[in-house]
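One-letter residues, chain by chain:
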Amino acid sequence: MTTAAFTLVMVPPLPDETQSWPDRLTEEVPGIEVLCPKDPEGVGAALGRADAVYGTLTPELLRSALRLRWLQAPQAGPPPGFYHPELVRHPAEVTNMRDTYTDHVAAHTMALVLALARQLPRYVREQATANWAPDWSDGAVVPLGEARALIVGTGAVGAETGRLLAAFGTRVEGVDARVTAPPPGFGRVLPPDHLDRVLPEADIVVLTVPHTPRTEGLMDARRLATMKDGACLVNVGRGPTVRLDDLVRALDMGRLRGVALDVMEREPLPPEHPLWRHPRALITPHVAGAGPHAAERRFEVLVENARRFAAGKPLVNVVDKTQWF
């Protein structure tokens, strides 16, 4: 196998976890030169030599990268603005870090689903006031063995979440723009234009979709109004897929059993926002991906793509830049 020499620039700011990466890349990828500029002047000079980049490229930085052919995004779903028009039009290939924390996000998703199904947020509030208030009514819990779940986004995280739900006896269906064959545990996966038809049938709706031009505002007032009375909504995908003002109004109306959000339309969620104190809301601060081995998994994606880039092979985790994922 022949390899080509190339230069990869790691654009600051970078987290501490990446400090060892340049030396490790140099050891593991034949022909690679890794540059780690520290100041704006150094970044501009380095980008002039860059065949590949790890990090974020603003429009100004992108214009300095005259040789760029590959950009490795540091996250699975980079923040808004990462895929700016100049980058979308640029011929460079972009890859992301998807499927590096599937197990962690799926476990967190199940924790949120179980918390809503068993009224744990309510009992935590009662505990804070030392109030013994058991609820033995028929509607006290969502029996997962009798429930129907809709997973919106059946990529790696959605597929694993559906598999775990199916182990509880839940009937699981999915909606996805790319996946057509049902993953293990799923009854079926439908295209996005079927969402409005199946949404009213679900007791549990889990959003794992990325933020794209098509998913922004996906759950707005109209769609929230079509959800089944007493349904639960869980979002572990990206915050902009759910309109928070519309969600608060839907919760205030009392039709939804509850909502659990790990991602918000605005992050951090402002202290005065009503969702913090809403009795039907459970909030976690964008930590679904927390867990061991995440940094090492991201490095493995980077080093695998660096080897492939040097060898002229197809990269992994390639992004459709027009759709941001």
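Look above for the structure.
Just so we're clear, the structure is a prediction, and the values are computed from it rather than from any experiment. (Residues numbered from 1 in each chain as written. Predicted model: local features only at pLDDT ≥ 70, side-chain atom pairs only at ≥ 80, totals over all residues. Heavy atoms only, no water.)

Looking at this structure, I do not really get the nonpolar core. What am I missing?
The nonpolar side chains of a soluble globular protein tend to be buried with one another. Residues Met227, Leu247 and Leu275 are the most contacted members of the largest nonpolar core, which totals 31 residues. Within the residue set of this core, elements represented by two or more residues are strand E6 (148-152), helix H8 (195-198), strand E9 (204-207), helix H10 (244-253), strand E11 (258-261) and strand E12 (281-283). Counting residues in each nonpolar core, the second largest holds 27 residues, with Ala76, Val142, Val234 and Ala288 among its members. (Core = buried A, V, L, I, M, F, W, Y, C linked by side-chain atoms within 4.5 Å. Buried < 20%, exposed > 50% of the residue type's maximum accessible area, 1.4 Å probe, protein only. Helix = DSSP H or I, 4+ residues; strand = E, 2+ residues; numbered from the N terminus.)

Quick question: what am I supposed to make of the sheet that holds strand E3 (residues 52-54) here?
If you walk across this open sheet you meet the five strands as E2-E1-E3-E4-E5, and the pairing is parallel. Of all the strands in the sheet, the pair left with one neighbour each is strand E2 (32-35) and strand E5 (93-95). Each strand of the sheet is rotated relative to its neighbour by a mean of 20°, with strand direction disregarded. Bridging between strand E1 (residues 6-10) and E2 involves four bridges; their strand directions are parallel. From the neighbouring strand, Val9 faces E2, where its bridge partner is Leu35. Those strands touched by helix H1 (residues 21-28) are E1, E2 and E3, and its axis lies near 170° from that of E2. (Pairing = 2+ DSSP bridges. Axes fitted to C-alpha atoms, helices over the stretch in contact; angles between N-to-C directions. Contact = heavy atoms within 4.5 Å.)

What should I look at first to understand the pairing of strand E7 (residues 171-175) in this one?
Walk down a regular strand and you will see the side chains alternate between the two sheet faces. Counting buried positions over the five residues of E7 gives four, a clear majority of the element. Relative to E7, E6 runs parallel, the two being bridged by five bridges. Bridged to Ala149 within E7 is Val172. Between E6 and its parallel partner E7, the chain crosses via helix H7 (residues 156-167), and the hand of that crossover is right-handed. The pairing of E7 with strand E8 (residues 186-190) spans four bridges and is classified as parallel. The residue bridging Val172 from the neighbouring strand is Phe186, located in E8. (Right-handed = clockwise from strand over helix to strand, strands pointing away.)

Is there a simple way to think about the packing of helix H5 (residues 102-117) against H7 in this case?
How two helices sit against one another is set out by the angle between their axes and by the gap between those axes. Their axes nearest at 9 Å, the elements H5 and H7 cross at an angle of 45°. The orientation of H5 relative to H7 falls into the category oblique. For the pair H5 and H7, the sense of crossing is right-handed. Contacts from Thr102, Val105, Ala106, Thr109, Met110 and Val113 of H5 reach H7 at Ala156, Val157, Glu160, Thr161, Leu164 and Leu165. (Parallel < 35°, antiparallel > 145°, perpendicular 65-115°, else oblique. Left-handed = near helix turned anticlockwise from the far one by under 90°.)

Help me understand unusual backbone geometry in this model?
Negative phi is the rule for most residues except glycine; trans is the rule for most peptide bonds. In this model, Pro12 is joined to Pro13 through a cis peptide bond whose omega is 0°. When you line up the elements, Pro13 lands in the loop between E1 and H1. Here Glu267 and Pro268 are connected by a cis peptide whose omega angle stands at -5°. Summarising the element assignment, Pro268 is placed in the loop between E11 and E12. A positive phi is found at His286, a non-glycine position, where the angle reads about 55°. Inspection of the secondary structure assignment puts His286 in the loop between E12 and helix H11 (294-311). For His286, a relative accessible area of 37% gives the class partly exposed. Backbone geometry places Asn317, a non-glycine residue, at a positive phi of 60°. You can see Asn317 is positioned in the segment after H11. Given the relative accessible area of 16%, Asn317 is considered buried.

What is the right way to look at the sheet that holds E11 in this model?
Consider a sheet: its strands pair through backbone hydrogen bonds, and that pairing is either parallel or antiparallel. In space, the seven strands of this open sheet follow the order E8-E7-E6-E9-E10-E11-E12, with parallel pairing throughout. One side of each edge strand has no neighbouring strand; the edge strands of this open sheet are E8 and E12. Mean inter-strand twist for the sheet, computed between neighbouring axes without regard to direction, equals 15°. Sheet strands in contact with H10 are strand E10 (232-235), E11 and E12, and its direction is about 150° off that of E11.

Keep in mind that these numbers describe shape and distance, not what the molecule does.
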